[in-house]
Amino acid sequence: QTAPTEDIQIIRAESNVELEGYNFASETSDGTSKQESGVLTNPGAENEAIAVKGSFSWVAPDGQTYTVNYVADENGFQPSGAHLPKF
């Protein structure tokens, strides 16, 4: 037996883009959400980069909400969450 499907609606959608950074957030009626912000580091330098922070979450088929927080910068993508293994 398959679960009933429903149309997923966008509840919230925001974004802001500037010269030295950005941020956005979204949320849908199925419990999925995402938010992220990025900041330009060392503007104009040879090692100019964007440092990003964010999170996303969703409701799994078991009804539990899972959340991943992350940073992505000169040290790579660094996720964390209660359901993720720790090294």
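Refer to the structure printed above.
Report follows, based on the coordinates. As the structure is a computational prediction, the values presented were derived from the model and not from experiment.

1. Looking at the pairing of strand 5 (residues 65-73)
Relative to strand 5, strand 4 (residues 49-59) is paired through 8 bridges, and the arrangement is antiparallel. Bridge pairing links valine 59 to threonine 65 in strand 5. Counted between consecutive antiparallel strands, the loop separating strand 4 from strand 5 contains 5 residues, among which glycine 63 sits at a positive phi close to 90°. By the bridge criterion, 5 bridges tie strand 5 to strand 6 (residues 76-80) in an arrangement that is antiparallel. Within strand 6, the residue paired with valine 71 across the bridge is glutamine 78. With antiparallel pairing between neighbouring strands as the criterion, strand 5 and strand 6 make up a hairpin whose turn holds 2 residues.

2. What about the pattern of salt bridges?
Per the stated rule, a full pass over the model turns up 2 salt bridges. The salt bridge involving glutamate 14 is made with arginine 12; its shortest N-O contact spans 3.8 Å. Residues glutamate 27 and arginine 12 are paired through a salt bridge, measuring 3.9 Å at the closest nitrogen-oxygen approach. Note that glutamate 27 is positioned in strand 2 (residues 21-28) and arginine 12 in strand 1 (residues 10-18), a separation of 15 residues in sequence. Judged by its relative accessible area of 30%, glutamate 27 is partly exposed. Taking relative accessible area as the criterion, arginine 12 reaches 30% and is therefore assigned partly exposed. Connected through salt bridges with shared partners, the residues Arg12, Glu14 and Glu27 form a single ionic network.

Rules and cut-offs
- Residues numbered from 1 in each chain as written.
- Predicted model: local features only at pLDDT ≥ 70, side-chain atom pairs only at ≥ 80, totals over all residues.
- Heavy atoms only, no water.
- Pairing = 2+ DSSP bridges.
- Helix = DSSP H or I, 4+ residues; strand = E, 2+ residues; numbered from the N terminus.
- Salt bridge = Lys/Arg side-chain N within 4 Å of Asp/Glu carboxyl O.
- Buried < 20%, exposed > 50% of the residue type's maximum accessible area, 1.4 Å probe, protein only.

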